[in-house]
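Read off the chains here:
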Amino acid sequence: MTLKNNIFILVALGFCLSSVAQSERRTTRKGNTQYDSGNFIDAEINYKKALEKNADLLEAEFNLGDALVKQERFDEALESFEKVSSSSENPDLKANALHNKGNVLLSKQDLEGALESYKDALRINPKDEETRYNYAYVKNLLDQQQQEQEQNEEDQDENKDDKEQNEENKDKGDQNKENSEDQGQEDSENKDKDKKEDQQDQGENKEDESKQDQQDKGQTDGEDSDEEKKGEQPKPRENKLSPEEAQKLLDALNQQEDKVQDKMKKHKLKGAKVKIEKDW
């Protein structure tokens, strides 16, 4: 009696569980129909109803993630795909969840996360051409970003070098300008100094000329005074020779000349050549 009752209870329990499972799947299938018709909100509602009955129904969780993606609610969709990819023991379901996770991360501009998710999906299913294509697409985007970043860094370095060079040239220009101003001021000061010296020299020259004129005038006056004085004195008498005295003097000079000529002939004197030294 007791044995029969236990069997009846087990059969009833199995029937209830089967009925619940069928109800969860019916709700899930209903959500799938609404999803296919584009009614993503109602599909979401039915998927959540199925999960309320069975939180481990990963098929409903996966479909919920798809419905949320269609509504562009990416953060919520990402939670659903992460739950499936980390919990499912079905390789196909797990790989599909990772693929969709990569799509959501790509929509969020997380290129590195998307690339990693596609890579994990390909480890499970290397023959999935769609996942392989998405992986190559994201990798190409990352390579482009890397090249652009390197180019920007080079441009920044060049701009930095140009800026430093411009600043250095500016400093040199300012220094040259300052030196030029100092030189101009110094030249101006020297010019003023020379001008003052020239004026001073001219003043001294005028003073000297004035003194010299005065001296000359004084001398002239003195000479005129002497001449006037001389003019006032009587002139001396001219000393004239008589004809007889003049003849005697001429005879004496002739005798001396004859003696000089005889002496030169006796010693045979020759004119000596004089060497001229240049003084330049």
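Refer to the structure printed above.
I will try to describe carefully the structure that is included in this document. (Residues numbered from 1 in each chain as written. Predicted model: local features only at pLDDT ≥ 70, side-chain atom pairs only at ≥ 80, totals over all residues. Heavy atoms only, no water.)

### Some thoughts on the overall build of the protein
Across its full length, the protein holds 8 helices and 0 strands. Beginning at the N terminus, the succession of helices and strands in the protein can be written as α-α-α-α-α-α-α-α. Expressed as a percentage of its 280 residues, the buried residues of the protein come to 19%. A fraction of 40% describes how many contacts in the protein between residues 6 or more apart in sequence connect residues 24 or more apart. (Helix = DSSP H or I, 4+ residues; strand = E, 2+ residues; numbered from the N terminus. Buried < 20%, exposed > 50% of the residue type's maximum accessible area, 1.4 Å probe, protein only. Contact = heavy atoms within 4.5 Å.)

### Observations concerning the packing of helix α4 (residues 74-87) against helix α5 (residues 91-107)
Following both chains from N to C, one finds α4 and α5 inclined at 155°, their axes separated by 8 Å at the closest point. Our classification of the angle between α4 and α5 gives roughly antiparallel. In this structure, the crossing between α4 and α5 has a hand that is left-handed. Side by side, α4 and α5 meet where F74, L78, F81, E82, V84, S85 and S86 of the first sit next to L93, K94, A97, L98, N100, K101, V104, L105 and S107 of the second. Across the contact of α4 with α5, the residue classes tally to 9 nonpolar, 4 polar and 3 charged. (Axes fitted to C-alpha atoms, helices over the stretch in contact; angles between N-to-C directions. Parallel < 35°, antiparallel > 145°, perpendicular 65-115°, else oblique. Left-handed = near helix turned anticlockwise from the far one by under 90°. Nonpolar A, V, L, I, M, F, W, Y, C, P; charged D, E, K, R; others polar.)

### Section: the nonpolar core
Of all hydrophobic cores here, the largest spans 25 residues; its most connected members are F62 and V138. Counting only elements with at least two residues in this core, the list comes to α2 (40-53), α3 (58-70), α4, α5, α6 (111-124) and α7 (129-232). The element best represented in this core is α3, accounting for 6 residues. Setting aside its immediate chain neighbours within four residues, F62 contacts F81, V84, L93, N96, A97 and N100. (Core = buried A, V, L, I, M, F, W, Y, C linked by side-chain atoms within 4.5 Å.)

### Some details on the side chain of E61
With respect to the helices and strands, the residue E61 is situated in helix α3. Apart from the residues lying within four places of it in its own chain, the contact partners of E61 are L51, S80, K83 and V84.

### Observations concerning the side chain of T28
By secondary structure assignment, the location of T28 is in helix α1 (residues 2-36). One polar contact links the side chain of T28 to the main-chain carbonyl oxygen of E24, over a distance of 2.8 Å. Excluding residues that lie within four positions of it along the chain, T28 makes contacts with Y47, A50, L57, A60 and N63. (Polar contact = N/O pair within 3.5 Å; in protein donor to acceptor, adjacent residues only side chain to side chain.)

### Re the pattern of salt bridges
A side chain of one charge can pair with a side chain of the opposite charge if their charged atoms are brought near each other. Applying the stated rule across the entire model yields 7 salt bridges. Note that E44 and K48 form a salt bridge whose closest N and O atoms lie 2.8 Å from each other. Placement of both E44 and K48 in helix α2 is noted, with a separation of 4 residues, approximately one turn of the helix. Among the salt bridges present, the one from D143 reaches K139, with a minimum N-O distance of 3.6 Å. In this pair, D143 and K139 both sit in helix α7, 4 residues apart, roughly one turn of the helix. Residues participating in the shared-partner salt-bridge network are E44, K48, R73 and E76. (Salt bridge = Lys/Arg side-chain N within 4 Å of Asp/Glu carboxyl O.)

### A few points about a positive patch on the surface
Positive charge collects at one region of the surface, where R25, R26, R29, K30, K49 and K53 lie side by side. Listed by contribution, the elements that provide at least two residues to the positive patch are α1 and α2. Here the positive patch gets 4 residues from one element, more than from any other, and that element is α1. Inspection of the secondary structure assignment puts K53 in helix α2. (Patch = residues over 30% accessible without salt bridge, like charges linked within 9 Å, V, L, I, M, F, W, Y side chains within 5 Å. Areas by Shrake-Rupley, 256 points an atom, 1.4 Å probe, with all protein chains shown as cover. Lys, Arg positive; Asp, Glu negative; His and termini not counted. Charge placed at Lys NZ, Arg CZ, Asp CG, Glu CD.)

Take it as geometry only, folks, not as evidence of what the structure does.
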